[in-house]
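# Working through the structure, step by step
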Amino acid sequence: MKILVNAAYRLVQLMNFLGAAAAIVMTAMVFTGAVMRYFFGAPLRFSDEMVGLLFISMAFLAIPLGVFRNRHITIDILSRNIPRPWAHLVNAVALLILMLFSAAFIMTSYQFMDFSREITARSDIGSLLLWPWMAIMPFCMSVAFLVAVLQFLDSFRVLAGKESFFPGEDEAASDDTEEGSL
Amino acid sequence: MTWGILAGALLLTLVTGAVLGASLGLAGFVLLEFQAGGATDLAITSVWNVFTDFTLSAVPIFIILGDILLASGVSTRIYNGLTPLFHRIPGRLLHTNIAVTTIFGAVSGSSTSTAAAIGSVGYPELSRRGYDKPAIVASLAAGGTLGLLIPPSLSLLIYGATQNVSIGKLFLAGIIPGLIIAVGFSLYLMLASLLKPELTPNDEEKPGSREILHGLGQIWPLPILIFFVLGTIYLGFATVTEAAAMGVMAAILLGFLWGDLTLRKLWRSFLSSTVIFGAIAMILLGTIILAQAISILGLPRDLVDYIATLGLSKYEVLVLVVLVYLLLGCFFDGISLLLMTLPISFPLMMALGFDPIWFGVIVTILMEVGMITPPVGLNLFVLVTMTNREVDLGQASWATAPFWLVMVLSVVLFTLFPEIVLFLPSFY
Amino acid sequence: QDKVELKMHSQIVESRPEAEYLQEFADRVNERAEGELEIRVFHAGSLGVKDTDLLRLMKSGSVDMAMMYGEYYKRDAPELAAVYVQGAITEPEHHLELLPTIREIYEEAYADWGVTTVGGVVSPVFDVGLHCNDPVNSLEDLQDKKLRVWAGHLVDTFDKLDVASQVIPQNDMYVALQTGVVDCAYYLSTVAETVSLQEVTDYEAYLHPWAAVPWMFGVNDEAWDSLSPELQEIVREEGERMWEKTRERAVDEEREREARKDREELGITMLEPFSDEDVAKFVEAANEAWAEMAEDAGPKGVEYYERMQEEISELDR
Ligand code: NA
Ligand code: NA
């Protein structure tokens, strides 16, 4: 399982790199669009659409890493005061909720993408083929789902007294400073 | 039944500490599947629409801008420069949060862009200097809402266009109430830090006028940044999203020339801003799905409809309408709530003789209140995410409550003295 | 018997006359159905649904009823946006002559998406004009302006006339004009007041009548089948009645004159309309762009385009 967790980490990290690249392209496109319109009177035709598509890519690509590092917002006023054995159970239920939600989202977003592929839906102005962009939603959520499953399994190892394969919150924070090594 | 599912979902979230986006979204899916006849495809269409919207893309770009300013040390120097100036005022640099969000609100039409733009720099700089963390978050979240009231305002635009009310008059009407609320926020901050000195760091030595002047000399990049972000909007060079990108370019230049930005730090800024935005995206996902479920069930409309059938007096209806907006504000954010309720609430209020301009401002304030009302409050989410979970949603909400109260009191004030709202537009 | 409740989506804001007609249709159906059916209209998108998604949502049954506007479905059915375009007509009366063909095409197309059409609202043929900060009433004047338009086809059309334009959503138009992100808006002049255009532009010049796709009342097949034959009859009759009523009112010079006078009172300076020459150039460019759009939309698009061209060739002559 350690291997799986490591592989998952590599994957979510790679997705984070791709997301950051999307953010860079997005920012550059918005900037260029304004300059082109103002100085050259020639607005980029479908830059708004393209920016929207990069935006959704960036947003979804970043979700799995957030799951991996426990970065997503929770309300833990009650749960953090729950005593030990029960805390594990509660944590497992929390992960179950995450898994259920991801599963529902994967199914519906897959259908959305698949239907768009069938009818070859295209964007309004630039006529960009949309389904590959739509596929980012179920794909990223599937990775988030897998990470949640690994965490779910890991939580039972922890319950059995073994050490977690996932970084704790402190480790995750220190991890931030090392990730620029690309 | 619907309310039962909502309450159950909240309880489960609270007890288990589940990822909030997931539990709200799951509640949305359950409602769509079992209450709306299996209409789960609505969940994805609305997510797709929101996440491919050009306007919203301003939010991550502002977060990137803030991250670059931090990484390059430019923002640190600016805040260092401002510190002596604010030393004597109780609350000190916390006031910069209100002041800057007010100024920023004057160019940005959206509350969340404002919170994102200021929060990504304001939080790290102030918390590093020892200010009370929840207080920083609360002042930023509340200050951010001013973006909706001070023109230009997305909410007033939509109100004007859908209800055929002059947008120019609405914009004028928003100015004084916006400033009054900003002053109210600042007064509260002064009061709070007089009562609780631990809100601000305790460094005793008082800066002299020389230090203040020296400090001001340090902030020269600020006008440059302000020009790139605010000036370009006012000059018609750029929209808000474009101005965010202008700011990023300016920050990169300043960072390399004046700060200590490196390519490595720049890349890391993009990486960490995407992680932050990923967390915001997750919660957005959940709230979009839940909001879609509630709106397809027609709940907001039923509530407002119900008030209309009670046959109450003018001000009784107003009180109930305000209460309904406050209740719905728990589950919705800003614009979606406006679109769902206005077709019913507007004719209802007009029939009772309220002024259309006045009601536009009141409704906008209520939208703003919704942005900081938990459990679904986008400004809170954005800022809590930016703290890297140093502040949790509960602490943030609690610290925001007084600001919430200031806004609700302002509604009372503007009801008692509607001329405060209607004074400026009367000249138009 | 159980009461059937159908929720009906409409994107159009209540300050527009089309919304009033829709509400009248629903009220009359509800009254005649005597409690067996209630159509609840959600105006101004208050059901939380976007028009872009409407076809697939009607097909899946997630939305019961909607006031449908073919041009909005370009993403899912590009051929529906290629039925009728701005520049297709230069006289308001032409619209009425083309209307039966447009209706026929849309009814067929909607049926393919599992939607039964029951009449609808014929949009009023409003004036379409250029609203600018400077006096602009020729294509030449437009060439050094930044222009806001509402659809991709218009960008293509103005491209061919060497005018730089971009699609800006209605909600962003006011601020874009105010700050100077754009200098001119191509807009429905008759209803320009509803979005306060007079506050951010000073001049107006008429270009052509609005080639308005009709708003059709669509019911998804599942919801339609849940109605008894008697109720279906009532809905059909009332939809048809509204179609007739609004068709008679669609072209109304008096209304346009009054509206123009109102706008002048609000401070708009009315310029001479675009010259016949300019209009002819616009029509030519629009037609070229139309043919390309139909081509891109596939065989269906070309078929619809040709059916419309045939009707257009019979106008006037
Ligand atoms: Na604003
Ligand atoms: Na809220």
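The structure displayed is predicted, hence computed values, not measured ones.

Scoring rules and cut-offs
The numbers attached to residues start from 1 for each chain and follow its sequence in the written order. Here the convention is simple: chains get letters from A, ligands get numbers from 1, in the order in which they are written. Predicted model: local features are reported for residues with pLDDT of at least 70 only, side-chain atom pairs are reported and counted for 80 or more only, and whole-chain, interface and lining totals are derived from all residues. Only hydrogens and water are set aside when side-chain values are computed; all heavy atoms of the structure are taken into account. Strands are runs of DSSP state E lasting at least two residues, helices are runs of H or I lasting at least four, and both sets are numbered from the N terminus onward. Throughout, the radius of gyration refers to the C-alpha atoms, and the reference size of a globule is 2.2 Å times the residue count to the power 0.38. Here the term buried applies to any residue with accessible area under 20% of the maximum for its type, exposed to any over 50%, and partly exposed to those in between, with areas from a 1.4 Å probe on protein chains only. The contact definition used throughout considers only heavy atoms, calling two residues in contact when any of these lie within 4.5 Å. Each accessible area is a Shrake-Rupley estimate made with a 1.4 Å probe; only the visible protein chains count as cover when residues are assessed. His is not counted, nor are the chain ends; Lys and Arg add positive charge and Asp and Glu add negative charge. We put the charge of a Lys on NZ, of an Arg on CZ, of an Asp on CG and of a Glu on CD. Once two parts are put together, the accessible area they lose, assessed with a 1.4 Å probe and summed over both, is termed the buried area. Salt bridges are defined as contacts in which a side-chain nitrogen from Lys or Arg sits within 4 Å of a carboxyl oxygen from Asp or Glu. In protein, a polar contact means a hydrogen-donor-capable atom and an acceptor-capable atom, both N or O and within 3.5 Å, with residues adjacent in sequence counting only if both atoms are side-chain atoms; elsewhere, any N or O pair within 3.5 Å suffices. Only Asp, Glu, Lys and Arg are considered charged, only Ala, Val, Leu, Ile, Met, Phe, Trp, Tyr, Cys and Pro nonpolar, and every remaining residue, Gly among them, polar. Residues with no salt bridge and a relative accessible area higher than 30% make up the patches, which join like charges within 9 Å and nonpolar side chains (Val, Leu, Ile, Met, Phe, Trp, Tyr) within 5 Å. Here, strands pair whenever DSSP counts at least two bridges between them. To get an axis, fit a line to the C-alpha atoms, keeping to the stretch in contact for a helix; angles then go from 0 to 180 degrees between the N-to-C directions. When the sulfur atoms of two cysteines come within 2.5 Å, that pair is taken as a disulfide. By definition, pLDDT measures how confident the predictor is in each residue, and it falls between 0 and 100. In this analysis, the expected span of each helix is defined as 1.5 Å times one less than the number of residues it contains.

## So, the overall build of chain A
Looking only at helices and strands, one finds six helices and zero strands in chain A. Scanning chain A from its N terminus toward the C terminus, one meets helices and strands in the order α-α-α-α-α-α. The C-alpha atoms of chain A give a radius of gyration of 20 Å, which is well past the 16 Å a tight globule of 182 residues would have. Each of the 182 residues in chain A was classed as buried or not, and the buried ones make up 52%. If you take every contact in chain A between residues at least 6 apart in sequence, the share linking residues at least 24 apart comes to 75%. Taken as a whole, chain A presents about 8300 Å² of accessible surface, with 67% of it coming from carbon and sulfur. Looking at charge distribution, chain A has the averaged site of its 12 positive side-chain charges lying 3 Å from that of its 15 negative ones.

## Side note on the interface of chain A and chain B
The interface of chain A with chain B comprises 64 residues on the first partner and 62 residues on the second. Three residues stand out in chain A for area buried against chain B, namely Phe55, Ile73 and Ile75 of chain A, and they jointly supply 14% of the buried area on that side. Between the two partners, chain A and chain B, sit one salt bridge. With a closest N to O distance of 3.0 Å, arginine 37 of chain A and glutamate 242 of chain B form a salt bridge. At the boundary of chain A and chain B, one finds five residue pairs in polar contact (both at pLDDT 80 or more). Of all the secondary structure elements, the ones that give two or more residues to the side of chain A that touches chain B are helix H1 (2-40), helix H2 (47-68), helix H3 (84-118), helix H4 (131-134), helix H5 (136-159) and helix H6 (169-176) of chain A. For the side of chain A that touches chain B, the element with the most residues is H1 of chain A, which contributes 16 residues. Looking at the side of chain A that touches chain B residue by residue, the class counts come to 43 nonpolar, 13 polar and eight charged.

## Side note on the interface of chain B and chain C
Counting residues at the interface gives 38 residues for chain B, matched by 34 residues for chain C. In this assembly, chain B packs against chain C so that about 2800 Å² is buried in total across both faces, 51% of it on carbon and sulfur atoms. It is Asn164, Ile296 and Arg301 of chain B that lose the most area in chain B upon contact with chain C, and together they represent 18% of the buried surface on that side. On the surface where chain B and chain C come into contact, there are two salt bridges. Arginine 40 of chain C is paired through a salt bridge with aspartate 302 of chain B; the nearest N and O atoms lie 2.9 Å apart. In this assembly, chain B and chain C are joined by 12 residue pairs in polar contact (both at pLDDT 80 or more). Elements with a minimum of two residues in the side of chain B that touches chain C: helix H3 (41-51), helix H9 (154-163), helix H10 (167-195), helix H12 (221-234), helix H14 (263-296), helix H15 (299-309) and helix H17 (334-351) of chain B.

## Some words on a negative patch on the surface
A contiguous patch of negative charge on the surface is contributed by Asp27, Glu31, Glu34, Glu36 and Glu230 of chain C. With respect to the secondary-structure elements, glutamate 230 of chain C resides in helix H9 (residues 229-250).

## A few points about the sheet that holds strand E10 (residues 215-220) of chain C
All names here are of chain C. Pairing within the open sheet is mixed, and its five strands lie in the order E2-E1-E3-E10-E4. With one partner strand each, in any of the chains shown, strand E2 (37-42) and strand E4 (115-121) form the two edges of the open sheet. Strand-to-strand twist in this sheet, taken as the mean axis angle between neighbours without regard to direction, amounts to 25°. Looking at chain direction, strand E1 (residues 4-9) and E2 are connected through six bridges and run parallel. Within E2, the position partnered with lysine 7 by the bridge is arginine 40.

## Regarding the pattern of salt bridges
Residues and elements named next belong to chain C. Summed over all chains, the structure comprises 37 salt bridges over all chains. Note that aspartate 134 and lysine 145 form a salt bridge whose closest N and O atoms lie 2.9 Å from each other. In this pair, aspartate 134 is assigned in the loop between strand E5 (127-132) and helix H5 (139-142) and lysine 145 in the loop between H5 and strand E6 (147-149), connecting sequence segments 11 residues apart. It is possible to trace a salt-bridge network through shared partners that takes in Glu24, Arg28, Arg32, Glu237, Glu238, Arg241 and Lys245.

## Some thoughts on the state of the cysteines
Residue and element names in this part refer to chain C. Applying the stated criterion across every chain, the model contains one disulfide over all chains. Across the disulfide from cysteine 132 sits cysteine 184; the S-S distance is 2.1 Å. Between cysteine 132 and cysteine 184, the S-S torsion sits near 115°, and that sign places the bridge as right-handed. Here cysteine 184 lies in strand E8 (residues 184-188) and cysteine 132 lies in strand E5, a separation of 52 residues in the sequence. Take cysteine 132: its relative accessible area is 1%, and that puts it in the buried class.

## Quick word on the confidence of the model for chain A
Residues and elements named next belong to chain A. Scored by pLDDT, chain A comes out at a mean of 87, with 92% of its residues at no less than 70. Between the elements of chain A, mean pLDDT differs from a low of 48, seen in H6, to a high of 97, seen in H4. Confidence over residues 172-182 falls short of pLDDT 50; this stretch has 23 contacts with residues more than four positions distant or in other chains.

## Some details on helix H1 (residues 17-32) of chain C
Residue and element names in this part refer to chain C. Taking 1.5 Å per residue as the helical rise, H1 with its 16 residues ought to reach 22 Å, and the 23 Å between its terminal C-alpha atoms agrees with that figure. Every buried residue of H1 is listed here: Glu18, Ala19, Tyr21, Leu22, Phe25, Ala26, Val29 and Asn30. Contacts made by the buried residues of H1 are with E1, E2, strand E3 (65-68), E4, E10 and H9.

## Notes on the environment of alanine 39 of chain B
Tracing the sequence through the fold places alanine 39 of chain B in the loop between helix H2 (20-34) and H3. We classify alanine 39 of chain B as buried; its relative accessible area is 1%. For the pair alanine 39 of chain B and glutamine 163 of chain B, spaced 124 residues apart in the sequence, the C-alpha separation amounts to 30 Å. Beyond its immediate chain neighbours, meaning those up to four positions away, alanine 39 of chain B contacts Leu32 of chain B together with Ser62 of chain C.

## Some remarks on helix H6 (residues 94-105) of chain B
Residues and elements named next belong to chain B. For H6, which comprises 12 residues, the first-to-last C-alpha distance of 17 Å matches the rise-based estimate of 16 Å (1.5 Å per residue) to within 8%. Counted residue by residue, H6 has nine buried out of 12 residues, so it is predominantly covered. Along H6, the positions that sit buried rather than exposed are Leu94, His95, Thr96, Asn97, Ile98, Thr101, Thr102, Phe104 and Gly105.

## Structural notes on the environment of glutamine 23 of chain C
Here glutamine 23 of chain C shows up in helix H1. Here glutamine 23 of chain C falls in the partly exposed class, since its relative accessible area comes to 26%.

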